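Spelled out, the chains give:
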Amino acid sequence: MGRVYNFSAGPAVLPEEVLKEAADEMLDYKGTGMSVMEMSHRSKAYEEIIKTAEQDLRDLMNIPDNYKVLFLQGGASQQFAMIPMNLMKNKVADYIITGQWAKKAYQEAQIYGKANAIASSADKTFSYIPDCSDLPISEDADYVYICENNTIYGTKFKTLPNTKGKTLVADVSSCFLSEPVDVTKYGVIYGGVQKNVGPAGVVIVIIREDLITEDTLPGTPTMLKYKVHADNGSLYNTPPAYGIYICGKVFKWLKKMGGLEVMKQRNEEKAKILYDFLDESKMFKGTVRKEDRSLMNVPFVTGDEELDAKFVKEAKAAGFENLKGHRTVGGMRASIYNAMPKEGVEALVEFMKKFEAENTK
Ligand SMILES: *Cc1c(COP(=O)(O)O)cnc(C)c1O
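The sections below set out a description of the structure shown in this document. (Residues numbered from 1 in each chain as written. Predicted model: local features only at pLDDT ≥ 70, side-chain atom pairs only at ≥ 80, totals over all residues. Heavy atoms only, no water.)

Let's talk about helix H9 (residues 342-358)
Here's step 1: If you check H9, its first and last C-alpha atoms are 25 Å apart, about what 17 residues at 1.5 Å a residue would give, namely 24 Å.
Here's step 2: Considered for burial, the residues of H9 that qualify are Gly344, Val345, Leu348, Val349, Phe351, Met352, Phe355 and Glu356. One side of H9 holds all its buried residues, which, seen down the axis, span an arc of 160 degrees. Facing away from the buried side of H9, by more than 90 degrees, are the exposed residues Ala357 and Glu358.
Here's step 3: Looking at the buried residues of H9, the elements they touch are strand E1 (5-6), helix H7 (260-280), strand E12 (297-301), helix H8 (305-317), strand E13 (320-321) and strand E14 (332-335). (Helix = DSSP H or I, 4+ residues; strand = E, 2+ residues; numbered from the N terminus. Expected span 1.5 Å × (residues − 1). Buried < 20%, exposed > 50% of the residue type's maximum accessible area, 1.4 Å probe, protein only. Arc of directions from axis to C-beta. Contact = heavy atoms within 4.5 Å.)

Dropping the structure here:
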C-alpha cells in the first residue's frame, strides 16, 4: 500500500521529501558510519545539526537576538507547568479559555498561583474567539496566556489580544510555522512539534531573554528551569536528538519552499478549497464562526451522527485517514498542516461531493 492522505491532528503528516532524506541517512549519517539516533549529542556532527536547526528556525521566523530558542521535552503539556513555575513572579496570570488546551494550561497554573480566566468561548462549545480588545487584565498579572490555534475546535486568533502591556504567552502547537509571526509581540511562543513541524518528543520554546531568570517558584525542578536549558544551549542533558534532527530537515524544507509567507499563501489556498465547499454543501457544515476559522484544523459535521460515522468509514476505505473528529466534539476534522499537499484537500472535497450525492435522497 502506498501513502495515504493523512488528516491527523497530531502526530501528523510530514513532508515526504524529509522522510525520504531521513531514510537515506538512517544507517550512515554523512559518512559518520552511524545513525543520528546512535550518535553522542556532544559530537561535532550533532552540534552541527542542532546549531543549524536553530539558525534555520531563526531565519524562518525572523527571531530577534534577544530571544532564546530552546529544544525541550515533555510535550506542550509540560509547558503548562513550566510557564507558571518560571514566569509567575507575582503568582498571578490571566488566561483566555478558547478550548481544551487553554483550559488545561489554566487548570495547571492554578497549582502554582492565581490563574484568572478573563475570557472564554465555552458558552458556544469554543466555536469562536472572544473579543479580546479590552479585557479585564489583572494589574499584577505576570502574563496573559492564549492558545493561538485551537486544534480541537478549529479556531484561530486572527488578532492577538490587547494585553495592556503584559507579557503575552502563546501555545502555537498547531499553527507553528504555518504563516509569518511577529515574534516581538510575544514573551513566550511555544509548541509541541508533532502537529506541524516534526516527530513527537520535541517542544520548541522561543522566549525573550529578560523572562529567563533564576527567580523561579520554590521547588521548581532543575529540568523545568528555562535558565538551565538556555545556559546550556538545550544540551543540559540529552536532548530529543533524533526529533530535533527531523525538525531541522523540516526547517530546510520550509526555506526551500520559500519561507513562511509562501506557506501562508499555500495554507490559505488549501483551506479555502475546503471552507468554500463547506459553505455551499447542503450536507456538510463547518462548526466555527467564519472570521475565526483556522487554516490548519477544519472541523465539520453532517448533523447526523450515523452519517458522520459512515462518512469516516468510507473515507478511510478511499485512502483519507484520520478524519474522525476529536472524541469530545464528534463529527469530522481535517487537519491540513503545511505538509498536506493541495491535491490532498482537492481529493477530499471531491470525495465529499461524491458522498453527498450518493447519500442525498
Ligand atoms: C496537541 C496539543 C497540545 C498537547 O501536546 P502534547 O505534546 O501532547 O503535550 C497542547 N496544545 C495544543 C494547541 C495542541 O494542539
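Describing the packing of H8 against H9
Here's step 1: Between H8 and H9, the shortest axis-to-axis distance is 11 Å and the interhelical angle comes to 130 degrees. Comparing the axis directions of H8 and H9 gives the class oblique. Judged by the twist between their axes, the crossing of H8 over H9 is right-handed. Two secondary-structure elements touch here, H8 through Leu307, Lys310, Phe311, Glu314 and Ala315 and H9 through Leu348, Phe351, Met352, Phe355 and Glu358.
Here's step 2: When grouped by side-chain class, the residues that make up the contact of H8 with H9 number seven nonpolar, no polar and three charged. (Axes fitted to C-alpha atoms, helices over the stretch in contact; angles between N-to-C directions. Parallel < 35°, antiparallel > 145°, perpendicular 65-115°, else oblique. Left-handed = near helix turned anticlockwise from the far one by under 90°. Nonpolar A, V, L, I, M, F, W, Y, C, P; charged D, E, K, R; others polar.)

Brief notes about the sheet that holds strand E8 (residues 168-171)
Here's step 1: An order of E2-E10-E9-E8-E5-E3-E4 is seen for the seven strands of this open sheet, with the pairing classed as mixed. Across the chains shown, the open sheet's two edge strands, defined by having one partner strand only, are strand E2 (67-72) and strand E4 (114-120). Averaged over all pairs of adjacent strands, the angle between strand axes in this sheet comes to 20 degrees, irrespective of strand direction.
Here's step 2: Of the pairings in the sheet, the one linking E8 to strand E9 (residues 188-192) comprises three bridges and is parallel in character. Bridging across to E9, Val169 finds its partner in Val188.
Here's step 3: In the packing of helix H2 (residues 44-61) onto the sheet, contacts are made with E2, E9 and strand E10 (203-208), and the angle to E2 comes to roughly 130 degrees. (Pairing = 2+ DSSP bridges.)

That's the geometry; what it means functionally is another story.
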